[in-house]
Every structure is written in structure tokens, then in C-alpha cells.
Amino acid sequence: MGVIQFLPPEEARKIAAGEVIDRPAALVREFIDNAVDSGGTVIETSIEGGGIKRVEVSDDGCGIARDDLEIAWKTHATSKIYALDDLNTVKTLGFRGEALAAASAVARLEILTSTGSTEGWRLLVVPEGKDAVIEAARRIRGTSVRAMGLFDMMPARKRFLKREGSEAMLCRQIFIEKALAFYERSFRFVQDHKIKLFFPVANNFKERFAQAIIQNETVFPFLHEIHVSGEGFSVAIVIGGPEIYRENRRSQFIFANGRRIADYSLQQAMEYGSQGVFPNGTHPVGAVFLDIDPHLADFNVHPAKLEAKFIPHNAIHHTISTTLRVFFHNLLVSKAMGRDAVKSKSEDAVLEIDGLTMDEPPSAGASVFCDASQLRRYDYLERQSVSDEIHTAQEARRAAADLPDAVRYLGTVFSLFLLVEKDGRLYAIDQHAAHERVLYNKFVSKPILKQELLVPIPFTTDNSGDDEFLSGRCVQLEKLGIVITGGNGSWRIEALPALWRLGDIETVKAILGLKDAGEDIAERWAATIACHGAIRDGERLDDESAARLAAETFELQRQRCPHGRPVITEIKKEDLLKAVRRL
């Protein structure tokens, strides 16, 4: 007998099922996909024993006719594609005909369905998935699919499942992800005969996101929904303002044509678009809902359809990052000006960005967009030192004489906060963050001046990625005041911006760190220069200089430092009165 042999069909089916069904959550994913594709508007998911004992999904969709039910559970039986070319037009979540076949190979499968009358049919797939029995049953329109005893016939695989509680959490997460993408449908999650989650029909993506992820009515006003379109695609973005943030990216979601996918690049676009808004390594909360022409997407690149490829990938990335950058600019400017929103002449405001059309419906969020021409196209300029700005006593005295009457500097506390009274209100200004933003803004007023080094700084790179970055961006770096020569792992810094103060090691690290800035390399560099040039915590300013910095802070349109930290905080009189029990 030869070495190569055919696997028995029943063994091959079980092995292939492992690519689709590896745990109860995969059953939830596949069954909900079918329920959505059926047109169901009310979808219920029920699990027992973490889904190991039972996973059941019911819907009120179109149902399955008896003739179709006889083969629906067999491998590659599908009503959604008939030839390879159909992949170019498919819009359904499922299409390969694997879900029911995979489920029947690893669990006891039961389907109860009706196409509209009270007459229905029940299909039972016998153990080992070799045959099925169909019998008459009573049911209203729709389908219930039940998988029981997952991996009971495959103990070698069952022992790798987690505890029931852990598997239930994974099922719950998949359920939430599916509900996020279809706000116009109602979803219910039942665990061990108890209703755990219920999402009624929502009005928009933002409302469903609040139901499923935020679950806190007090922060709902800080959620925003933005719509933007490009050639062959449109995007809805739900994003939380700076009042809502997380220490990780677990509350960020990417969807394409209703399907949750893992796409680091598009998640990165969310981060790029919100740079300078979320401070100290925190991340925004939000979701991107991409609707793309099927001809421009390929969802058949992963066994569980968790990944996708897009032809206009760069255009989508640019659309998301640019849209969010403009949105947060307008949002922060409006807050600095004391308004709830940036108002336009029309309720249906439209923003044109590089040929893209972005609009925000009245129900979508608090902010309406300005015209893109209001945004400055940044050219980054020479840093000015602390002494140039606020430490020259003569200039400071002249500045103090010109302070607006409404701004009154009261003093400094903790060698960090400037206390200021304005319009009958008390404010605490973070002197470092405020000066950092002031310097940052000044750096956009004229070109950066570079200064040649008497002794160039030599350094070596650790990988080809750094080499590609330095060689590919050398012209752009020179515009930022950085002149670098060399190649193939050996480099020399010949010039730096005037008044650059960091040491050699920190300088090299700062320049190589720009590799992760993407399209925002100029903003990142300006923020770096401003950060190292600003007054530090613990350094005390004279009264005139502090007063001038306070006045400049109130003139800022964007009252956050380039890294996203607020520069000013109001101390309300009511809070002080409550503290001393006068209220």
C-alpha cells in the first residue's frame, strides 16, 4: 500500500469543520449570519453551558422550503452563489455553504423552519452527520437552528474548550459584534434561560453602539456619528469624544459590508485621525462601518471571513483618518469657543475633502462640519525657545500691560497650575500643556530653520524598515529641519532644527519614532519640538510671564496640548461652596 491514502469522507468533514467551528462562539457567528441573510428582523440567540450544551439562533426571516431543507445541511450547499464569478457581487454574510455542514459534523443539529404558514418542517441530523430525518412540525414564519452537544463525539477537541463561563463570554462578544452592524434589527441574548442582553431597533449606528458598548446614558451625548463617501464606498464612523477613552483598543471595531473584520490598517486610521485628542497613551472608542462595492472587496481570504482585501485600501485609510482629523478639529474649536457645535448655513452640512463627500445627518451627533478650507495646511516652522517667548523680562512687562481686562492672573500653585479669573469664573491652567500648545501654534507661522551640526551624529539602524523610512522620507525630513545622509544601516545627522536641545540618543529615537506617524509626520515632529521647548512642571514663571501665558491660553482655538491633554480646567464656584458646605 502506498504512503498517500484518501481520508474517509466522515473524517475529512470533521477536520474541515475545525476551520469553521472551533468553539461555541463560532456556531453563534455562523447561525446569526444565516439569520441576518434570511431577512430576519427579530433575532434571538440562546446558549446553555457556555454554548457547549446548546447554541440556538431563531429568526423571523424567509424560512427554508422542504426541498431545500433536505440538502441545506450538506457541504457547500448554498443559495447565495452558483459560480466563482458570483463572489464579485455577493452581499450576504455567508456564501460558501459551510456553516450547517460544519455544525452537523461536530454537534447534533436540529432545524425548525417555516416559509410563512403555520406548516413547518423539522430536520434532525443523526450523529456522525451521515443522514438526516425530516418531519412535519408547526411553526410561524422563520427558522430556528440548534446545535447540541458540541464535540461530544470528538473528546480530543472538546478538552481544549475553556470553562463554560469563558465560552459564554466569547459567545456574548460575537453576539454584540453582530448586533452592532444591524441597528435596524432587534437582537436578544439568552444565557441558561435568562435574558442577558436586549437591543431593540435603533435609529442609527450611534444609538446601537451606545446600547451595546457604552451602556451609560450619561456619556451618550459625547458619541458622534459621521458619514463620508468616496468612489465605490461609503463609511459611517461612530466615535467618542475626548470625554470617552480607554487604556486599550478593545472598544474599537471595523466592519465591512456588515461583517466584523480584523484590519489593523483601518484601525490605525482611527488612531491617526484622533492624534492629539486622547492623552497619555489612551485610545478612542468607536467603530467604522464600511459599505463597499463587492467588486472592490474580497471576503474569501480567511476560513472564518475574519479578514478582507480591498482594492481602494489606501483611499479608505485616507478617508477615515482625514475625516476624523477634520471632525476633531471642529469639535475642539467649538468647545474652546463655548458652543455646543460648529454651526453651518444648512442643516445638511457637507464637507469636501480631497474629492470626498462627508455629511452628517441631524440625528448623527453634536457637531456639524465647517468647510475644509478653514483648516490650515500645516507648514512647520522653527521652534522658539522659552526665553524667546516668556522669559525676557522687558517683553513680559510690555505683554502684561496689554492683557485683556477680563483675564486676571491670581498666582501659581504646586509649581504647575496657573490660577486665573475670567468673566467671574476661576480656571486652572496646566502651564506645560498650555505653553506646549502655544509653541506648537507658533511653529506653524513660518518655515523651520535648520542649523548644521559642527559634529554630525552617526547612528545605525536595526532593520530594513528604518532604512526604508529614512531614505524614502529624507526630503520631507529636510523640510522639518532634519538633514540625514547615509544608507544601508549606517546614517549621519548633519543638521537639526535651530535650538534643538535633546541629546544624541534621544534625537535618534525621536526621528525614528516618526516612522509610526503615518501621514501625520509633520504634526508629530512639531509636537515633539513643542514638548521639549515648553516650560516644565516645577519650573516657576515670574508673574508677568505667567499672566501672558494665561492670556494666550484663552486665545487658543484648540485648548488641548498636541498630545491631547486639556490645558485648562474650570473650577466652579458651586463646587467650592459645596466643599465648605455653603450649599
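Whatever comes next refers back to the structure up there.
Residues numbered from 1 in each chain as written. Predicted model: local features only at pLDDT ≥ 70, side-chain atom pairs only at ≥ 80, totals over all residues. Heavy atoms only, no water.

## A closer look at the sheet that holds strand 4 (residues 119-125)
Two modes of strand pairing occur in sheets, parallel and antiparallel, and in both the strands are linked by backbone hydrogen bonds.
Stage number 1. Pairing is mixed across the open sheet formed by eight strands, whose spatial order is 5-4-3-6-2-1-7-8. The sheet is open, and its two edges are formed by strand 5 (132-138) and strand 8 (194-199), each paired on a single side. The sheet shows a mean angle of 15 degrees between the axes of neighbouring strands, taken without regard to direction.
Stage number 2. Here strand 4 pairs with strand 5 via seven bridges, running antiparallel. (Pairing = 2+ DSSP bridges. Helix = DSSP H or I, 4+ residues; strand = E, 2+ residues; numbered from the N terminus. Axes fitted to C-alpha atoms, helices over the stretch in contact; angles between N-to-C directions.)

## Here's the deal with unusual backbone geometry
Stage number 1. Unlike most non-glycine residues, F414 shows phi in positive territory, near 60 degrees.
Stage number 2. Secondary-structure assignment places F414 in the loop between strand 20 (407-413) and strand 21 (417-422).
Stage number 3. You can call F414 exposed: its relative accessible area is 74%.
Stage number 4. Despite not being glycine, N488 shows a phi value in the positive range, around 55 degrees. (Buried < 20%, exposed > 50% of the residue type's maximum accessible area, 1.4 Å probe, protein only.)

## Comments concerning a nonpolar patch on the surface
Stage number 1. Side chains of L124, V126 and V133 sit close together on the surface and give an oily, nonpolar patch of about 190 Å² of accessible area.
Stage number 2. On the secondary structure map, V126 appears in the loop between strand 4 and strand 5.
Stage number 3. Judged by its relative accessible area of 33%, V126 falls in the partly exposed class. (Patch = residues over 30% accessible without salt bridge, like charges linked within 9 Å, V, L, I, M, F, W, Y side chains within 5 Å. Areas by Shrake-Rupley, 256 points an atom, 1.4 Å probe, with all protein chains shown as cover. Salt bridge = Lys/Arg side-chain N within 4 Å of Asp/Glu carboxyl O.)

## Quick notes on the pattern of salt bridges
Stage number 1. Overall, the coordinates contain 22 salt bridges when judged by the stated rule.
Stage number 2. As a salt-bridge pair, E110 and R122 come within 3.2 Å of each other at their nearest N and O atoms. In this pair, E110 sits in strand 3 (residues 108-114) while R122 sits in strand 4, placing the two residues twelve residues apart along the sequence.
Stage number 3. For E110, a relative accessible area of 13% translates into the label buried.
Stage number 4. One salt-bridge network, in which partners are shared between bridges, spans E48, R54, E56, E110, R122, E135 and R146.

## What to know about the packing of helix 12 (residues 431-442) against helix 17 (residues 543-554)
Stage number 1. At a closest axis distance of 10 Å, the pairing of helix 12 and helix 17 adopts a crossing angle of 65 degrees. When the interaxial angle is binned, helix 12 and helix 17 end up roughly perpendicular. Classified by chirality, the crossing of helix 17 by helix 12 is left-handed. Residues Q431, A434, H435, V438 and K442 of helix 12 form the contact with helix 17, whose participating residues are L549, E552 and T553. (Parallel < 35°, antiparallel > 145°, perpendicular 65-115°, else oblique. Left-handed = near helix turned anticlockwise from the far one by under 90°. Contact = heavy atoms within 4.5 Å.)

## With respect to the sheet that holds strand 22 (residues 425-430)
Stage number 1. The sheet built from four strands is open, its strands ordered 20-21-22-26 with antiparallel pairing. Each of the sheet's edge strands pairs with one partner strand only, and the pair in question is strand 20 and strand 26 (568-571). On average, each strand axis in the sheet is tilted by 25 degrees relative to the strand beside it, whichever way the strands run.
Stage number 2. Alignment of strand 21 against strand 22, held across six bridges, turns out to be antiparallel. Following the sheet pairing, L418 is matched in strand 22 by I429.

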